[in-house]
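# Structural overview
For reference, the chains in residue letters:
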Amino acid sequence: QVQFVESGGGLVEPGGPLRLSCEVSGFGNDLYAMSWYRQALGKGRELVAGITSRGGTTTYADSVKGRFSVSRDFFENTVHLQMNSLKPEDTAVYFCNAGWKSPLFENYWGQGTQVTVSS
């Protein structure tokens, strides 16, 4: 079964770094682009970053461009999101899914990992 397991979230001070991981299973992750999404309290899920199936091209939301970096480890079947210079507005639950601009497996969202940036 398709499964996404996010981890690495936590409580950090503004300006600090955090590295998220997304372990994928149930499909060949080298066949699909992968993306990170986040959902803040009371808001909808928004696209944060994406990476192509081969990992050669990435895309980022304007709000995180220059601060976040997405990568993938094919051997470990994992996608990472390195977050630097975190801001309070980055506080959200972060999710991963297959797809470039929209989620491919909409019925298989993981539980996400909570990122809280204190002021």
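For the structure itself, look to the data block above.
Positions within a chain are numbered from 1, following the residues in the order the chain's sequence is written. Where local features are concerned, this predicted model is filtered to residues with pLDDT of at least 70; where side-chain atom pairs are given and counted, the filter is 80 or more; whole-chain, interface and lining totals use all residues. Excluded from the side-chain calculation are hydrogens and water; included are all heavy atoms of the structure.

Put simply, DSSP H or I for four residues or longer makes a helix, DSSP E for two residues or longer makes a strand, and each gets a number counted from the N terminus. Scanning the protein from terminus to terminus reveals zero helices and 10 strands. Listing every helix and strand of the protein by position from the N terminus yields β-β-β-β-β-β-β-β-β-β. Our radius of gyration looks at C-alpha atoms and nothing else; its globule reference is 2.2 Å times the residue count to the power 0.38. Over its C-alpha trace the protein gives a radius of gyration of 13 Å, about what one expects of a compact globule, namely 14 Å for 119 residues. With the C-alpha coordinates of the protein rotated into their principal frame, the extents come out at 40 × 25 × 25 Å. Residues count as neighbours in contact if any of their non-hydrogen atoms are within 4.5 Å of one another. For the protein, the share of sequence-separated contacts (at least 6 apart) that also reach a separation of at least 24 residues comes to 55%. Side-chain charges of the protein comprise 10 positive and 11 negative groups, with the mean position of each set lying 7 Å from the other. Counting rule applied: Lys, Arg positive; Asp, Glu negative; His and chain ends not counted. One atom stands in for each charge, and that atom is NZ of Lys, CZ of Arg, CG of Asp or CD of Glu.

With that settled, consider the side chain of Ser35. By the element assignment, Ser35 lies in strand E4 (residues 34-39). Each polar contact in these results corresponds to two N or O atoms within 3.5 Å; when the atoms are within protein, one needs to be able to donate a hydrogen and the other to accept it, and residues that are neighboring in sequence are counted only if both atoms are side-chain atoms. Only 2.7 Å separates the side chain of Ser35 from the backbone oxygen of Gly99, close enough to count as a polar contact. Leave out the neighbours within four places in its chain, and Ser35 touches Leu47, Ala49, Gly50, Phe95, Cys96, Asn97, Gly99 and Trp100.

Here the focus is the nonpolar core. Buried Ala, Val, Leu, Ile, Met, Phe, Trp, Tyr and Cys residues that are joined via side-chain atoms within 4.5 Å together make up what is termed a nonpolar core. Relative accessibility decides the category of a residue: with a 1.4 Å probe and only protein chains considered, values under 20% of the type maximum give buried, values over 50% give exposed, and everything between is partly exposed. With 28 residues, the main nonpolar core has Phe4, Met34, Trp36, Phe68, Leu81, Met83 and Tyr94 as its most contacted residues. Excluding its chain neighbours within four sequence positions, the residues that come into contact with Met83 are Gly16, Pro17, Leu18, Leu20, Arg67, Phe68, Tyr94 and Val115.

This brings us to the pattern of salt bridges. A carboxyl oxygen of Asp or Glu within 4 Å of a side-chain nitrogen of Lys or Arg is what we treat as a salt bridge. Overall, the coordinates contain four salt bridges when judged by the stated rule. Between Arg38 and Glu46 there is a salt bridge, with its nearest N and O atoms 2.8 Å apart. Here Asp90 makes a salt bridge to Arg38, at a shortest N to O gap of 2.9 Å. With Asp90 in the loop between strand E8 (78-83) and strand E9 (92-98) and Arg38 in strand E4, this pair connects stretches of sequence that are 52 residues apart. Here Asp90 falls in the buried class, since its relative accessible area comes to 1%. Residue class for Arg38 comes out buried when judged on its relative accessible area of 5%. Connected through shared salt-bridge partners, Arg38, Glu46, Arg67 and Asp90 make up one network.

Sheet architecture is open: four strands sit in the order E1-E3-E8-E7, paired in antiparallel fashion. At either margin of the open sheet sits one strand with a lone partner, and together these are strand E1 (3-7) and strand E7 (68-73). Along the sheet, successive strands turn relative to each other by an average axial angle of 15°, direction set aside. At least two DSSP bridges between two strands are required for those strands to pair. Bridge analysis of E1 against strand E3 (residues 18-25) gives five bridges, and the strand direction is antiparallel. Helix axes use the C-alpha atoms of the stretch in contact, all axes being lines fitted to C-alpha atoms, and the angles between their N-to-C directions lie in the range 0 to 180 degrees.

Mapped onto the secondary structure, Ala40 falls in the loop between E4 and strand E5 (45-51). Given a relative accessible area of 22%, Ala40 falls into the partly exposed group. Considered as a pair, Ala40 and Thr116 are 76 residues apart in the sequence and their alpha carbons are 10.0 Å apart.

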